[in-house]
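Here is what each chain is made of, one letter per residue.
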Protein chains: 4
Amino acid sequence: MRIGVLTGGGDCPGLNAVIRAVTRKGIETHGWEVVGFRNGWQGPLEGDSRPIGLNDVEDILARGGTILGSSRTNPYKTEDGPERIRKVLADQGIDALIAIGGEDTLGVAKRLTDDGIGVVGVPKTIDNDLAATDYTFGFDTAVHIATESLDRLRTTAESHHRALVVEVMGRHAGWIALHSGLAGGANVILVPERPFNVQTVIDWVQRRFERQYAPIIVVAEGAVPEGGAEVLVAGEKDSFGHVRLGGVGTWLADEIAHATGKESRAVVLGHVQRGGTPTAYDRVLATRFGLHAVDAVADGDFGVMVALQGTDIVRVKLADATAELKTVPLERYAEAEVFFG
Amino acid sequence: MRIGVLTGGGDCPGLNAVIRAVTRKGIETHGWEVVGFRNGWQGPLEGDSRPIGLNDVEDILARGGTILGSSRTNPYKTEDGPERIRKVLADQGIDALIAIGGEDTLGVAKRLTDDGIGVVGVPKTIDNDLAATDYTFGFDTAVHIATESLDRLRTTAESHHRALVVEVMGRHAGWIALHSGLAGGANVILVPERPFNVQTVIDWVQRRFERQYAPIIVVAEGAVPEGGAEVLVAGEKDSFGHVRLGGVGTWLADEIAHATGKESRAVVLGHVQRGGTPTAYDRVLATRFGLHAVDAVADGDFGVMVALQGTDIVRVKLADATAELKTVPLERYAEAEVFFG
Amino acid sequence: MRIGVLTGGGDCPGLNAVIRAVTRKGIETHGWEVVGFRNGWQGPLEGDSRPIGLNDVEDILARGGTILGSSRTNPYKTEDGPERIRKVLADQGIDALIAIGGEDTLGVAKRLTDDGIGVVGVPKTIDNDLAATDYTFGFDTAVHIATESLDRLRTTAESHHRALVVEVMGRHAGWIALHSGLAGGANVILVPERPFNVQTVIDWVQRRFERQYAPIIVVAEGAVPEGGAEVLVAGEKDSFGHVRLGGVGTWLADEIAHATGKESRAVVLGHVQRGGTPTAYDRVLATRFGLHAVDAVADGDFGVMVALQGTDIVRVKLADATAELKTVPLERYAEAEVFFG
Amino acid sequence: MRIGVLTGGGDCPGLNAVIRAVTRKGIETHGWEVVGFRNGWQGPLEGDSRPIGLNDVEDILARGGTILGSSRTNPYKTEDGPERIRKVLADQGIDALIAIGGEDTLGVAKRLTDDGIGVVGVPKTIDNDLAATDYTFGFDTAVHIATESLDRLRTTAESHHRALVVEVMGRHAGWIALHSGLAGGANVILVPERPFNVQTVIDWVQRRFERQYAPIIVVAEGAVPEGGAEVLVAGEKDSFGHVRLGGVGTWLADEIAHATGKESRAVVLGHVQRGGTPTAYDRVLATRFGLHAVDAVADGDFGVMVALQGTDIVRVKLADATAELKTVPLERYAEAEVFFG
């Protein structure tokens with residue numbers, strides 16, 4: 001039996017750990033041949049692949065990125081996409097695919113299964129916003145990096161008597177802001193799920209200054225003030241995506257500076273959060289995802305995605321998995337509010 | 001209302017995060033007074049306590065150790081222990097206790113509750129061997145440190161063409177060995193739950209050498225060869241606990257050296273695994289444990305322990321919590337075997 | 001004998017290590033009393049001080065920031081500044097001062113010495129731009145942090161096939177850019193000392209893409225294109241110092257995006273580089289600076305600054321020390337060019 | 001022109017950084033061909049080599065170990081060694097060699113140059129014990145790792161009220177012990193250069209306990225009590241080098257335990273100190289060493305070794321370089337004593 005594996009979407013620490021686990025288990029347990037397709041769905045579309053052996057995955061567990069490369073290519077937006085994939089798989093004698101990626105990649109995996117191609121999905125989103133799984137690999141690494149930065153920024157904020165606004169990733173869900181904010185001792189945490197009241201934020205900041213401490217505000221890139229994103233005019237001027245990167249943090253630091261008369265600075269962590277070596281937690285999770293994806297293939301159980309529930313790896317239907325976004329529930333946010341100000 | 005908090009047993013990253021969360025929520029949400037008892041159960045026995053305010057917990061989230069100190073004192077092995085505690089709490093007007101600790105500390109918490117003293121438990125075991133909770137804080141930090149060491153040892157093993165045996169913590173349960181071994185790419189993982197066959201280990205090591213790679217064996221301090229601990233004679237000679245620290249790793253490296261004729265070395269990570277700043281994961285978990293312990297006190301729900309189930313913090317009866325040891329199940333160990341050799 | 005110590009200027013990892021060393025040596029070796037003045041020169045101006053004992057410095061070696069606080073107060077811009085300091089020192093029986101700070105703080109130290117107040121300086125500049133010493137503490141930490149970020153950004157740049165422009169600290173000198181760029185494997189390094197030709201940078205970037213790798217450009221915040229800073233219009237719009245933080249990096253990423261048609265992103269590391277725990281290198285250097293500053297006081301050798309030359313700590317006249325800026329020499333930059341493209 | 005490069009001796013972070021720099025500069029600046037010889041002097045002896053191109057060194061800067069492998073083979077202990085090397089170099093058209101290694105490797109480099117083979121040396125010793133250079137790469141990484149461990153052990157020592165003896169590398173020179181001890185806030189530092197008086201150590205430990213703190217003793221593996229190594233009987237029993245790894249630390253912890261009645265533990269950091277990714281400092285130093293070694297070859301300046309003096313890379317005669325061991329001078333040790341107890 002021959003199986004193919006591919007990685008789609010943005011960079012995420014743990015991709016290589018999944019590839020390694022799939023390869024080891026496919027070869028060692030089942031005696032399969034494992035083939036790697038390059039650059040996401042582009043690989044199966046163009047027949048761009050190479051066999052992966054045990055030695056190819058010897059040294060990749062701890063390394064960021066993906067040895068297979070990635071892309072956002074969508075076969076359903078490509079002429080005869082599904083047909084071309086079907087032909088490539090037939091020509092190369094591939095019996096099944098393991099697709100590692102986010103909503104888009106898994107959406108394609110679902111449709112291909114509906115179209116009769118056997119695919120098993122492995123969820124990948126740094127934002128941890130997939131409803132069907134407790135956690136996704138990459139998230140713990142992103143939180144770890146953001147928290148390390150908060151630890152460092154704390155002493156600078158204190159000795160400069162400044163407010164620091166730290167913008168972290170999270171366009172639609174505030175999980176990275178919530179967890180890094182809790183772990184880094186943030187004095188205010190702002191998430192996309194709850195439009196924030198600027199005056200309330202300033203009140204928290206003031207209280208912090210009155211307690212003779214420097215406030216650190218963690219804000220998700222997708223957080224917006226009441227009144228909505230159009231308030232963030234500054235950001236719009238930027239010509240290459242700097243809105244997403246620098247918008248709300250820069251704007252909020254500006255607001256705080258004017259309202260409090262204290263120096264305020266914005267730090268935008270940006271891409272540093274999504275690259276490099278995975279944490280031990282993410283390596284274990286990614287490895288287990290890979291192993292269980294192979295089990296699903298062995299069972300001929302296609303159209304499913306592996307997921308973490310408690311300490312168990314389970315399978316959920318791709319249809320359900322990609323249905324809804326997992327956002328920060330009110331009660332989780334309320335936990336964090338105890339530490340505001 | 002006044003509540004007391006204490007920490008018992010060995011060092012574990014995250015203790016201060018719990019103390020901080022208890023203090024913040026007790027004061028900010030409920031307007032309680034929070035009192036810290038020193039050195040575990042010794043504090044309530046001897047009335048050794050001090051009030052904790054918001055400023056006392058400002059700077060402790062990221063710091064290892066415990067600002068309250070710790071001990072292994074057991075009031076039930078002290079004359080009139082429970083009575084003395086009851087009197088101290090009455091004298092100081094303490095309405096309830098939050099006890100952070102492992103099996104012993106929580107065992108005392110349970111008995112005190114049975115004796116009519118209101119106690120809520122927060123589980124603490126670096127070994128992650130408590131059945132009632134998915135994870136305990138400190139464990140992720142220990143795995144993180146062991147994994148970092150494995151990452152470093154890998155290149156040395158390769159360039160010296162040597163076998164390296166890395167002994168990690170875990171006397172009765174192999175969780176640290178399993179997770180750090182998976183995350184660090186160990187070529188063999190040995191846990192207390194499964195007495196190992198030395199020849200099988202040597203075969204894996206040989207296979208590794210034949211593949212032109214250097215083998216790294218992760219062994220829990222409590223792992224024993226078939227035939228049992230008495231085989232580990234070398235260790236017994238040591239006069240101050242070096243058996244526990246250095247026993248099986250040293251012995252196994254010796255066996256491998258003799259059987260393979262290759263240089264073999266043992267590295268005993270020891271206490272480095274249980275100290276210092278907690279990982280972001282452990283800070284979040286410890287913080288949430290502290291918050292929910294306060295909720296339990298507010299509900300007058302005593303004799304319970306907070307626990308992690310999935311992504312939720314729940315309460316379990318201390319009676320059940322301390323009943324059985326959570327060991328590595330066969331299927332989890334089988335997952336790892338795919339990477340042996 | 002009683003000596004005072006103070007810290008001035010911006011945050012810099014290692015300040016507490018100096019304070020600890022001064023305190024230990026002053027008390028243990030000489031039996032002096034050590035007094036800490038708060039918030040830089042504001043302390044001696046307002047008599048804001050407290051005695052420092054051995055226990056006060058027990059736990060500060062590894063911690064960022066400064067337990068004494070800091071400020072940019074300049075007694076020579078304060079009415080009767082020097083006179084007020086002289087009076088405070090007389091009233092408090094302070095025989096000498098150890099001033100830890102950058103150009104401004106040391107400039108004041110020099111003038112006070114000229115005015116008959118005994119001061120010994122300890123150099124502090126994250127930018128490593130002080131001519132009289134091989135290195136200053138804080139610099140190695142900043143380079144370490146920037147390098148860790150480059151390690152992480154590398155995999156993301158590769159898997160996104162993107163150009164990444166990483167802006168690091170360095171307004172007038174490019175040392176952090178040069179060292180972190182060398183250590184992080186940057187494909188282009190731009191420093192304030194050499195106005196860069198945008199087309200040349202784009203050619204290097206193009207070559208990199210042609211080699212099928214993603215380019216990472218490290219740019220010091222003070223680097224400017226030929227034609228000068230006024231080219232960086234984008235930055236000017238920002239109302240609270242974002243020019244300094246985000247100017248050139250954002251601008252250059254934009255230029256690259258337009259010229260190459262490839263996605264380009266700017267990451268501005270900002271304050272993360274100057275806070276938190278110092279590296280081992282900086283802790284040793286800061287500690288030795290503190291010890292030798294006490295020696296200078298003991299010798300009554302005032303108006304000097306301790307400095308690193310090779311592996312020795314020496315004394316240089318403050319007059320010479322603050323005279324000129326140490327910039328990156330041409331031959332050091334030429335070393336790095338070997339790795340461009 | 002064609003040059004060969006090889007790495008000899010034990011693992012040391014930075015080896016790959018040297019190889020990368022040699023390759024980049026040889027190809028980009030001089031248009032040479034660069035050839036890598038495998039496993040130290042074994043490569044040139046057996047003609048085991050392969051060409052190295054720009055892409056071969058793209059991804060190795062941050063990685064520990066050496067892509068060329070290493071060995072302790074000595075051509076002068078091999079029949080016709082030098083002749084065989086001369087013939088291999090002639091056959092492969094190699095004009096000069098760059099040898100990266102410690103005393104042994106450089107000793108061979110010197111003799112080969114005397115025998116008319118052009119060799120330039122790059123010093124490599126984790127112990128920093130080479131007289132001709134201020135620092136060698138790998139040392140800063142070892143100190144960094146040991147210091148991180150000390151940071152973690154501190155909180156455990158405190159909360160267990162225990163003495164911890166931390167044994168670090170350094171058989172003949174105490175540089176790692178001195179620097180990590182200073183950076184990690186050790187309360188006693190013991191080095192091979194000064195046989196220690198056990199009672200004096202115990203007095204320091206006692207004083208520490210009396211101050212209500214837990215003592216941490218950093219001891220170099222080569223440190224010996226007055227009376228000499230034969231005192232360390234315990235170690236001798238071990239059959240595979242455990243003396244070197246565990247000897248003095250274990251023995252000393254035992255002595256302290258018996259003398260003070262306090263629990264004492266030994267932690268032997270061992271190989272963790274010499275592997276894995278280099279610090280930024282070591283990457284810069286190793287890179288500069290590689291660049292300047294190529295300069296020496298270009299100048300036909302053989303029989304020399306590159307060395308760091310202040311911030312400059314200079315050349316020293318191999319004859320002088322390997323003559324004497326650089327040990328910790330009395331005054332450097334005296335600096336550290338200020339922090340004892």
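Just so it is clear, the structure is predicted and the values come from calculations on it, not from any experiment.

Draft legend 1. Focus on the side chain of Ser264(D). All names here are of chain D. Along the chain, Ser 264 falls in strand β9 (residues 264-268). On the accessibility criterion, Ser 264 (1% relative accessible area) is buried. At 3.4 Å, the side chain of Ser 264 forms a polar contact with the backbone nitrogen of Ala 257.

Draft legend 2. Examining the sheet that holds strand β10 (residues 304-309) of chain A more closely. Residues and elements named next belong to chain A. Ordered in space as β3-β2-β1-β4-β5-β10-β11, the seven strands form an open sheet in which the pairing is mixed. Looking at strand neighbours, the two that pair on one side only are β3 (49-52) and β11 (312-317), the edges of this open sheet. Ignoring strand direction, the axes of neighbouring strands in this sheet form an average angle of 30°. Pairing analysis gives six bridges linking β10 to β11, with the strands arranged antiparallel. Among the inter-strand pairings, Val 306 is bridged to a residue of β11, identified as Arg 315.

Draft legend 3. How the structure looks around the sheet that holds strand β8 (residues 216-220) of chain D. All names here are of chain D. An order of β7-β8-β6-β9 is seen for the four strands of this open sheet, with the pairing classed as parallel. This sheet does not close on itself; its edge strands, each paired only once, are β7 (188-190) and β9. Each neighbouring strand pair of the sheet contributes to a mean axis angle of 15°, computed without reference to strand direction. Pairing of strand β6 (residues 163-168) with β9 involves five bridges; the strand directions are parallel. Pairing of Val 166 across the sheet is with Val 267, part of β9. Along the sheet, helix α6 (residues 175-183) contacts β6, β7 and β8; its crossing angle with β7, the most-contacted strand, is approximately 170°.

Draft legend 4. View of the interface of chain C and chain D. Across the boundary between the two partners, chain C contributes 43 residues, which contact 43 residues of chain D. Interface area, chain C with chain D, both sides summed: about 3700 Å², of which 54% is carbon and sulfur. The largest contributions to the chain C side of the interface with chain D come from Arg24(C), Val338(C) and Phe339(C), which together make up 16% of the buried area. Along the contact surface separating chain C from chain D lie ten salt bridges.

Draft legend 5. Representation of the environment of Cys12(B) within the structure. Residues and elements named next belong to chain B. In this fold, Cys 12 is placed in the loop between β1 (2-7) and α1 (15-29). The buried category is assigned to Cys 12, whose relative accessible area is 0%. Separated by 289 residues in the primary sequence, Cys 12 and Asp 301 have C-alpha atoms spaced 26 Å apart. Discounting residues that sit within four places of it in the chain, Cys 12 has contacts with Lys 124, Ile 126, Phe 137, Gly 138 and Arg 274.

Draft legend 6. A look at the packing of helix α1 (residues 15-29) of chain C against helix α10 (residues 280-298) of chain C. Residue and element names in this part refer to chain C. At a minimum axis distance of 7 Å, the contact between α1 and α10 shows a crossing angle of 40°. Here α1 is positioned oblique relative to α10, judged by the angle of their axes. At the point where α1 passes α10, the crossing takes the right-handed sense. Between α1 and α10, the residues in contact are Ala 17, Val 18, Ala 21, Val 22, Lys 25 and Gly 26 and Arg 283, Ala 286, Thr 287, Gly 290, Leu 291, Val 294 and Asp 295, respectively. Residues that form the contact of α1 with α10 fall into these classes: seven nonpolar, three polar and three charged.

Draft legend 7. Molecular detail of the relation of the copies chain C and chain D. Expressed as a screw transformation, the operator carrying chain C onto chain D has a rotation angle of 180° and an axial translation of 0.0 Å, and the superposed copies differ by an RMSD of 0.0 Å. Expressed as an axis order, the relation between the two copies is that of a two-fold axis. For chain C, the smallest separation between a C-alpha atom and the rotation axis is recorded for Gly310(C), amounting to 1.9 Å. Of all interface residues in chain C, 100% are interface residues in chain D too; the two copies therefore contact each other through one and the same surface.

Reading the values: the criteria
- Residues numbered from 1 in each chain as written.
- Chains lettered and ligands numbered in written order.
- Predicted model: local features only at pLDDT ≥ 70, side-chain atom pairs only at ≥ 80, totals over all residues.
- Heavy atoms only, no water.
- Helix = DSSP H or I, 4+ residues; strand = E, 2+ residues; numbered from the N terminus.
- Buried < 20%, exposed > 50% of the residue type's maximum accessible area, 1.4 Å probe, protein only.
- Polar contact = N/O pair within 3.5 Å; in protein donor to acceptor, adjacent residues only side chain to side chain.
- Pairing = 2+ DSSP bridges.
- Axes fitted to C-alpha atoms, helices over the stretch in contact; angles between N-to-C directions.
- Contact = heavy atoms within 4.5 Å.
- Buried area = accessible area lost by both parts, 1.4 Å probe.
- Salt bridge = Lys/Arg side-chain N within 4 Å of Asp/Glu carboxyl O.
- Parallel < 35°, antiparallel > 145°, perpendicular 65-115°, else oblique.
- Left-handed = near helix turned anticlockwise from the far one by under 90°.
- Nonpolar A, V, L, I, M, F, W, Y, C, P; charged D, E, K, R; others polar.
- Least-squares fit on C-alpha atoms with pLDDT ≥ 70 in both.

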